[in-house]
There are 2 protein chains.
Amino acid sequence: MSDAGFRSFMPRALALARAAADMGEVPIGAVIVKDGEVIAEAHNSPRTDHDPTAHAEILAIRRAAQALGDERLTGCELWVTLEPCAMCAGAIAHARIQRLYYAASDPKGGAVEHGARVFEQEQCLHRPEVYSGIGEAEAADILREFFKKRR
Amino acid sequence: MSDAGFRSFMPRALALARAAADMGEVPIGAVIVKDGEVIAEAHNSPRTDHDPTAHAEILAIRRAAQALGDERLTGCELWVTLEPCAMCAGAIAHARIQRLYYAASDPKGGAVEHGARVFEQEQCLHRPEVYSGIGEAEAADILREFFKKRR
């Protein structure tokens, strides 16, 4: 990617994470971008929705696929504030997301650079380009603050 | 489990898989059982739903959580005709499914006994009891027949 055309959507994903915290949900936000435009966004809401699959990435992917009328999100970028878990990494592969940007890495639950390393398995039929670290400190701060308050 | 109280819900999951094939969806079916009663069922429908996350297991888990009004499916069994992928295995862990029964193993896409081996990772916070092989030949036949027709 060239610097000239590059725009970060992590500030929006971080704002969504903060909105999740305000609802008592673990603060993680996600945005899906196609051709430089946001086509879907979501934050974590498993408690509110009574849905264990309602992670920010899954909800954003489902909404983007609805918006496009296509089960494949070809040429789309996913911006998310935390390293995706195994469920979400699998969904990213199924959706054919082209680029994945995540802020903070997650040694406890991540499955991109940790544990299941979903994209590195031969069973994985699509591997997005992966960029991490943009907005990392802020994403980690939002999570730390959330869990400190709940203790 | 005692033989006396054991009932297989795989015939119902196989019937759902056949219904998926009739709609042109990859034939995989899933049933969720609590206290011996079916509380949710689904078959694969990513194409019909324009939803890359619409695997049988994900849909059944979401419906069961809605039915119970709880994001956790404590004490529930999931019966599915094929070894779950990384996305679905992750969802099974998040949902706290107690027992997972799957018919055919899936070297190409499975993430229980293959590849990502989601339940074996230290990042996995809940491991269901896993039973495989019930209805295996029939599940494999349904898939083989489906892909033969589409070639």
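Residues numbered from 1 in each chain as written. Chains lettered and ligands numbered in written order. Predicted model: local features only at pLDDT ≥ 70, side-chain atom pairs only at ≥ 80, totals over all residues. Heavy atoms only, no water.

## Some remarks on the UniProt feature "active site" (unreviewed entry) in chain A
Residues and elements named next belong to chain A. This is how the line gets drawn: UniProt positions are given in the numbering used here, feature names are shortened, and annotations may be inferred rather than shown by experiment. Using a 1.4 Å probe on the protein chains alone, a residue whose accessible area is under 20% of its type maximum counts as buried, one over 50% counts as exposed, and one in between counts as partly exposed. Contacts between residues were defined by any pair of non-hydrogen atoms, one from each residue, lying within 4.5 Å.
The sites that UniProt annotates as "active site" (unreviewed entry) are E57. In this structure E57 comes out as buried when scored by relative accessible area, which is 4%. Apart from residues lying up to four places away in sequence, E57 is in contact with A30, L78, V80, L82, P84 and C88.

## So, helix α3 (residues 56–68) of chain B
All names here are of chain B. The cut-off we apply is this: Only DSSP runs of H or I covering at least 4 residues are called helices, and only runs of E covering at least 2 are called strands; the numbering of each starts at the N terminus. One less than the residue count of a helix, multiplied by 1.5 Å, gives the span that helix is expected to have.
Counted at 1.5 Å a residue, the expected span for α3 with its 13 residues is 18 Å, and the 18 Å between its end C-alpha atoms agrees. Inspection of α3 places A56, E57, I58, L59, A60, I61, A64 and A65 among the buried residues, and these make up the whole buried set. Residues of α3 that are buried make contact with β1 (29–34), β2 (37–43), α2 (46–49), β3 (76–82) and α4 (86–94). Of the residues flanking the end of α3, it is G69, one or two places downstream, whose phi is positive at about 65°.

## Description of the relation of the copies chain A and chain B
Let me state the cut-off plainly: The least-squares superposition of copies is restricted to C-alpha atoms, and to residues with a pLDDT of at least 70 in both copies.
Superposition of chain A onto chain B requires a rotation of 180° combined with a translation of 0.0 Å along the rotation axis, giving an RMSD of 0.0 Å. Here the copies are linked by what is in effect a two-fold axis. Among all residues of chain A, the minimum C-alpha distance to the rotation axis is found for M87(A), at 1.8 Å. Comparing interface residues between copies, 100% of those in chain A also lie at the interface in chain B; the contact surface is shared.

## Side note on helix α1 (residues 10–22) of chain A
An α-helical turn contains 3.6 residues, so a residue and the one three or four places further along point in the same direction. Residue and element names in this part refer to chain A. Test applied: The directions from the helix axis to the C-beta atoms are what the arc is built from.
For α1, built from 13 residues, the straight-helix expectation of 18 Å at 1.5 Å per residue is met to within 8% by its first-to-last C-alpha distance of 19 Å. Buried residues of α1: M10, A13, L14, L16, A17 and A20, and no others. For α1, the angular spread of the buried residues around the axis is 160°, confining them to a single face. Of the exposed residues in α1, those oriented more than 90 degrees away from the buried face are P11 and D22. Against the buried residues of α1 lie β1 (29–34), β2 (37–43), β3 (76–82), β4 (99–104) and α5 (136–150). Backbone geometry just downstream of α1 places G24 in the positive-phi region, at approximately 80°.

## Description of the interface of chain A and chain B
Put simply, the test is: Summed over both partners, buried area is the accessible surface (1.4 Å probe) that two parts give up on being assembled. Between Lys or Arg on one side and Asp or Glu on the other, a salt bridge is scored when a side-chain nitrogen of the former is within 4 Å of a carboxyl oxygen of the latter. Polar contacts, as used here, are pairs of N or O atoms within 3.5 Å; protein pairs need one atom able to donate a hydrogen and one able to accept it. Residues neighboring in sequence count only if both atoms are side-chain atoms.
Contact with chain A, which involves 33 residues of that partner, is made by 33 residues of chain B. For the pair chain A and chain B, the summed buried area comes to about 2,500 Å², and 59% of that belongs to carbon and sulfur atoms. Across the contact surface, chain A and chain B share four salt bridges. A salt bridge links E71(B) to R47(A), with the nearest nitrogen and oxygen atoms 3.7 Å apart. Summed over the shared surface of chain A and chain B, the result is ten residue pairs in polar contact (both at pLDDT 80 or more). Only α2 (46–49), α3 (56–68) and α4 (86–94) of chain A provide two or more residues apiece to the side of chain A that touches chain B.

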